[in-house]
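Each chain is listed here by its residues.
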Amino acid sequence: MARFKEIYIKSPHPFQRGVQHGSQVSAEIQRICQGYRHSFSQKGYRWEEAKAKAMESVPLLEQTLPDLMEEARGIAQGAGVPLPVVMLLNSRYELLKFSKGEAAKAAPEDAECTLYGVEPSASAEGETIVGQNWDNAPFIGEDLYVLHIDEENGTRILALTEPGQLVRSGMNSHGLGLACATLLSTLDRPEAAIPTNFLRRRLLQCRSMAEAQSILDEFRPKVSLNYLVGSAKDKKVLLRETNPLENYTIETARGVLGHGNDFLANPQIDRFRPEEGRQFRGQRLWYLLGKQTGAITPETMMEALRDHQGHPGSICNHCPEKGLKTIASTIYCLDRGSAYLCWGNPCENQYELYTI
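Since we're looking at a predicted model, the values are computed, not measured. (Residues numbered from 1 in each chain as written. Predicted model: local features only at pLDDT ≥ 70, side-chain atom pairs only at ≥ 80, totals over all residues. Heavy atoms only, no water.)

K.L.:
Could you clarify how one ought to interpret the packing of aromatic side chains in this entry?
P.N.:
We describe a pair of aromatic rings using the distance from one ring centre to the other and the angle between the two ring planes. Here the structure, examined in full by the defined rule, presents 5 aromatic pairs. Ring centres of Phe40 and Trp47 lie 6.2 Å apart, and the angle between their planes is 70°; this geometry places the pair in the edge-to-face category. The exposure classification of Phe40 matches that of Trp47, with both residues buried. Between Phe219 and Tyr227, the aromatic rings sit 6.0 Å apart at their centres with planes inclined by 90°, giving edge-to-face as the arrangement. (Phe/Tyr/Trp six-rings, centres within 6.5 Å; stacked < 30°, edge-to-face > 60°. Buried < 20%, exposed > 50% of the residue type's maximum accessible area, 1.4 Å probe, protein only.)

K.L.:
So what exactly am I meant to see when it comes to the environment of Thr249 here?
P.N.:
Position of Thr249 among the secondary structure elements: in strand β10 (residues 248–251). Between the C-alpha atoms of Thr249 and Leu264, which are 15 residues apart in sequence, the distance is 9.5 Å. In this structure, Thr249 is in contact with Leu239 and Arg240, ignoring residues within four places of it in sequence. A distance of 2.8 Å separates polar atoms of two side chains, one belonging to Thr249 and the other to Arg240. (Helix = DSSP H or I, 4+ residues; strand = E, 2+ residues; numbered from the N terminus. Contact = heavy atoms within 4.5 Å. Polar contact = N/O pair within 3.5 Å; in protein donor to acceptor, adjacent residues only side chain to side chain.)

K.L.:
I would appreciate a short explanation of the sheet that holds strand β5 (residues 156–161) in the present structure.
P.N.:
Picture the strands of a sheet paired through backbone hydrogen bonds; they go either parallel or antiparallel. Pairing is mixed in the open sheet, where 8 strands are placed in the order β1-β4-β5-β6-β7-β8-β9-β10. Two strands bound the open sheet, and with one partner strand each, they are β1 (5–10) and β10. Each adjacent strand pair in this sheet contributes to an overall mean axis angle of 20°, direction not counted. Bridge analysis of β5 against strand β6 (residues 169–172) gives 4 bridges, and the strand direction is antiparallel. In the sheet register, Leu158 faces β6, and the bridge partner there is Met171. Across the face of the sheet, helix α9 (residues 209–218) comes into contact with β7 (176–182), β8 (225–231) and β9 (236–242) while running at roughly 10° to β9. (Pairing = 2+ DSSP bridges. Axes fitted to C-alpha atoms, helices over the stretch in contact; angles between N-to-C directions.)

K.L.:
What's the story with empty space enclosed by the protein in this structure? I'm lost.
P.N.:
One simple way to see leftover space: roll a probe sized like a water molecule over the atoms. Counted under the stated rule, the structure contains 4 cavities of 30 Å³ or more. Taken as a whole, the largest cavity holds about 170 Å³ of empty space. In terms of lining, the largest cavity is formed by 17 residues, of which the most central are Glu94, Leu95, Glu191, Ala192 and Ala193. Of all elements in the fold, only α3 (47–54) and α6 (83–95) reach the threshold of two or more residues within the lining of the largest cavity. For the lining of the largest cavity, the element with the highest residue contribution is α6, accounting for 3 residues. Across the lining of the largest cavity, the residue classes break down as 10 nonpolar, 2 polar and 5 charged. Space inside the second largest cavity adds up to approximately 100 Å³. Lining the second largest cavity are 14 residues; nearest its centre among them are Cys113, Trp134, Arg168, Cys180 and Arg200. (1 Å grid on protein atoms, 1.4 Å probe; cavity = no way out; pocket = protein on both sides within 12 Å on 5 of 7 lines; lining within 4 Å. Points joined across faces, edges and corners; volume = space filled by probe spheres on them. Nonpolar A, V, L, I, M, F, W, Y, C, P; charged D, E, K, R; others polar.)

K.L.:
How should I be thinking about the nonpolar core in this particular structure?
P.N.:
One broad rule of soluble globular proteins: the nonpolar side chains tend to lie buried together. The biggest cluster of nonpolar side chains holds 88 residues, and the ones touching the most others in it are Ile29, Phe40, Met87, Phe198 and Tyr227. Element by element, the count of residues in this core is highest for α6, at 8 residues. With sequence-adjacent residues up to four places away left out, Phe40 is seen in contact with Tyr45, Trp47, Ala50, Leu88, Arg92, Leu95 and Leu96. (Core = buried A, V, L, I, M, F, W, Y, C linked by side-chain atoms within 4.5 Å.)

K.L.:
I would appreciate a short explanation of the pattern of salt bridges in the present structure.
P.N.:
One pass over the full model with this rule turns up 20 salt bridges. For Arg17, the salt bridge goes to Glu151, with nearest N and O atoms at 3.7 Å. Residue Arg17 is located in helix α1 (residues 14–24), and its partner Glu151 is located in the loop between β4 (145–150) and β5; the two are separated by 134 residues in the primary sequence. The burial state of Arg17 is the same as that of Glu151; both residues are buried. Put simply, Glu70 and Arg73 hold a salt bridge, and the shortest N to O gap is 3.7 Å. On the criterion of helical spacing, the pair formed by Glu70 and Arg73 is a turn pair, its members being 3 residues apart in helix α5 (residues 66–79). Put simply, Arg17, Glu71, Glu151 and Arg201 are held in one network by salt bridges that share partners. (Salt bridge = Lys/Arg side-chain N within 4 Å of Asp/Glu carboxyl O.)

Everything listed here is a matter of geometry and, on its own, says nothing about what the molecule does.
This is how it looks when you write it as structure tokens:
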């Protein structure tokens, strides 16, 4: 039996999609908020203060992504929680990248996630595959679920997400797939901006790689992030290292790409401490895929995502004492319209098949 709970949403109206979503995960939202209370406290934020900070992006979202802002309002109503709670859950990436007070003196946070992309030339079946090992705090992994969204306009989305969030990673019925991972730069600023969860959901509404690229070309985040996009129709994978100044494009080599949490295009702006070897996981995954180019299958990916070179801070991450581990592993097969998803460390659990 699949580990993940599956949530189904179907409506052409954003607010109604949100209500359907929130009504099915009210208990999960309450539970994850308890974990995030502790996370924000460690960063020097009171819970009410963090919620108020999250609401600062609402005016911008109402101007730029009004449909998704309506969906967030629907989630709040459906779950029976105040809108600031839903906004906080959808803004946690940006807000938790900055500490205040005494917490600001603490050591920098640990890196999260290892991404990959495989183009048809590198796969055994001539298909496009994208995904990641999602590394984060263990409590976040307890209530992850698979989200099936039908916007009733030709766009259907299969995504993996946290309670109350619009989306984290996923794929759509137009053959596009998305995976993301932490980047931190010296240019990052704690200012109101479009939260990554909203942008991720917008990208999964795209019908072509060109549309997704256009959105990323115009995007200037306040906090850096990796966006890896694959397209079955275009038979292409690309990655954007976004930051407040410029978005850098990373191309595949021999049809494959692997990436961790380091800036490849401009290492000088990297905010992570270089002595901790944060480049290792991305380089390691790229190497493993490069050895298999032309013969990569979903099973090949499963094996690579279980890799323990450099354990415990390996591709399959086992650092719970640092508040970090692989909480989910994803393999989005864009041509097939299906995904292999694994709860927790893939070395300890099995991948389950899900379809759009």
